[in-house]
Amino acid sequence: MQLNSNFEQRAVILPEQYQFVDSPLSGVSRMMLDRAGGEVARATSIVRYAAGSGYSSHTHDGGEEILVLEGVFSDEHGDYPVGTYLRNPPGTSHKPFSRDGCTLLVKLWQFAADDKQQLVVNTRQEPWRQGLVAGLSVLPLHEHDAVSTALVRWAPNTHFNRHMHVGGEEILVLEGLFCDEQGLYPAGSWLRNPRYSQHTPFTGAEGALIYVKVGHLGAGLLGDKFISIKQVTSQ
């Protein structure tokens, strides 16, 4: 399957365009955002677990990145409430399930070969950093080899300078309304901007909370103008 698999093209999916499809496991459905491959694929998806559903124990050969969007996600290692960020590197295994149901952002087969860090971050308990501009605050989640992942909170009526993402940028809007000169993106919107893309993001009266990942779309071609999470936070 090839879905939004040309990473040189901009891709936008709005929440009203969601179409969940059943996975091979009963009770688990997926809204596929991008995918390159069959059941084993480089993929980004919104995944829903119905109450009581789960997978048998399995190994993630290509690694797995998860952000819990709703409910409580669980495995034999613990329970992960909404706002939890997890990284399970290649070779790790678990038996995931949800007692009462949950919704996740899941990214598969997107680890660098030398990225072995396993993470569990409860973002509701972590300190945020002041951003470079007034109204912007950042919670860094992970950084490896110029690929950065973070949550970014935008206060109402916040404007950021125009900038280039040499290594690309991916955004999931979690709350509010995120904007740039190309459109308005309510909660649930997913955007992927290719290498060397530029924009001037801002918020209106609602403000916004976004998950953002940069540098992973052609990270080997990064140059001096690469915008990393470190560059948009004050040190």
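Residues numbered from 1 in each chain as written. Predicted model: local features only at pLDDT ≥ 70, side-chain atom pairs only at ≥ 80, totals over all residues. Heavy atoms only, no water.

**Considerations on the overall build of the chain**
To be explicit about the condition: Only DSSP runs of H or I covering at least 4 residues are called helices, and only runs of E covering at least 2 are called strands; the numbering of each starts at the N terminus. Radius of gyration: over C-alpha atoms. The globule rule applied is 2.2 Å multiplied by the number of residues raised to the 0.38 power. Residue exposure (1.4 Å probe, protein chains only): buried if accessible area is under 20% of the type maximum, exposed if over 50%, otherwise partly exposed. Residues count as neighbours in contact if any of their non-hydrogen atoms are within 4.5 Å of one another.
Helix and strand counts for the chain stand at zero helices and 21 strands. Relative to a compact globule of 235 residues, whose C-alpha radius of gyration would be 18 Å, the chain shows 17 Å and is just as compact. Overall, the C-alpha framework of the chain stretches about 45 × 35 × 35 Å when taken along its three principal axes. Counting across all 235 residues of the chain, residues that qualify as buried make up 51%. Taking all contacts inside the chain whose residues are at least 6 apart in sequence as the whole, residues at least 24 apart take part in 67%.

**Looking at the side chain of T123**
Tracing the backbone shows T123 in the loop between β12 (119-122) and β13 (129-130). A relative accessible area of 7% means that T123 is categorised as buried.

**Notes on unusual backbone geometry**
The phi dihedral of A146 is positive, around 70 degrees, even though this residue is not glycine. Looking at where A146 falls in the secondary structure, it is placed in the loop between β14 (136-144) and β15 (147-154). Although it is not a glycine, N157 sits at a positive phi angle of roughly 60 degrees. The topology assignment puts N157 in the loop between β15 and β16 (163-165).

**A word on the environment of Y18**
We count it as follows: Whenever a nitrogen or oxygen atom comes within 3.5 Å of another N or O atom, the pair is scored as a polar contact, on the condition that within protein one atom can donate a hydrogen and the other can accept it, and that pairs from neighbouring residues in sequence are kept only if both atoms are in side chains.
The residue Y18 is located in the loop between β2 (11-13) and β3 (21-22) in this model. Residue Y18 is classed as partly exposed on the basis of its relative accessible area, which comes to 21%. Sequence separation between Y18 and V106 is 88 residues, and the spatial gap between their C-alpha atoms is 15 Å. In this view, Y18 contacts I13, M31, I46, L172 and G188; residues no more than four positions away in its chain are not counted. Polar side-chain contacts of Y18 include one of 2.5 Å to the backbone oxygen of G188.

**A closer look at the nonpolar core**
Using the following cut-off: Only buried residues count toward a nonpolar core. Its members are Ala, Val, Leu, Ile, Met, Phe, Trp, Tyr and Cys residues joined through side-chain atoms within 4.5 Å.
Ranked by internal contacts, the top residues of the largest apolar core, which has 17 residues, are L33, L105 and L151. Those elements that place two or more of their residues in this core are β2, β4 (28-37), β12, β14 and β21 (202-214). Beyond its immediate stretch of four places on either side in the chain, L151 contacts L67, T123, W128, S137, V138, L139, L141, L174, L209, I210 and Y211. Core analysis: the second largest hydrophobic core is formed by 15 residues, V138, F160, A208 and I210 among them.

**Considering the environment of H142**
By the element assignment, H142 lies in strand β14. Through-space distance from the C-alpha of H142 to that of V121 is 9.8 Å; in sequence the pair is 21 residues apart. Once residues lying within four places of it in the same chain are set aside, the contact partners of H142 are Y85, R87, D115, Q117, L119, V147, S148 and T149. A distance of 3.5 Å separates a polar atom in the side chain of H142 from a polar atom in the side chain of R87.

**Some details on the pattern of salt bridges**
Quick note on the threshold: Criterion for a salt bridge: a side-chain nitrogen of Lys or Arg within 4 Å of a carboxyl oxygen of Asp or Glu.
Here the structure, examined in full by the defined rule, presents 10 salt bridges. One salt bridge in this structure joins D34 and R42, with 3.6 Å as the shortest N-O distance. Among the residues examined, D34 registers a relative accessible area of 1% and is labelled buried. In this structure, the salt-bridge partner of E181 is R162, at a minimum N-O distance of 2.5 Å. Remark: R162 occurs in the loop between β15 and β16 and E181 occurs in the loop between β17 (169-180) and β18 (183-186); sequence separation between them is 19 residues. E181 sits in the partly exposed class, given a relative accessible area of 45%. Classification of R162 by relative accessible area gives partly exposed; the value is 46%. In the salt-bridge network here, residues are joined through shared partners; they are E65, R87, D115 and K213.

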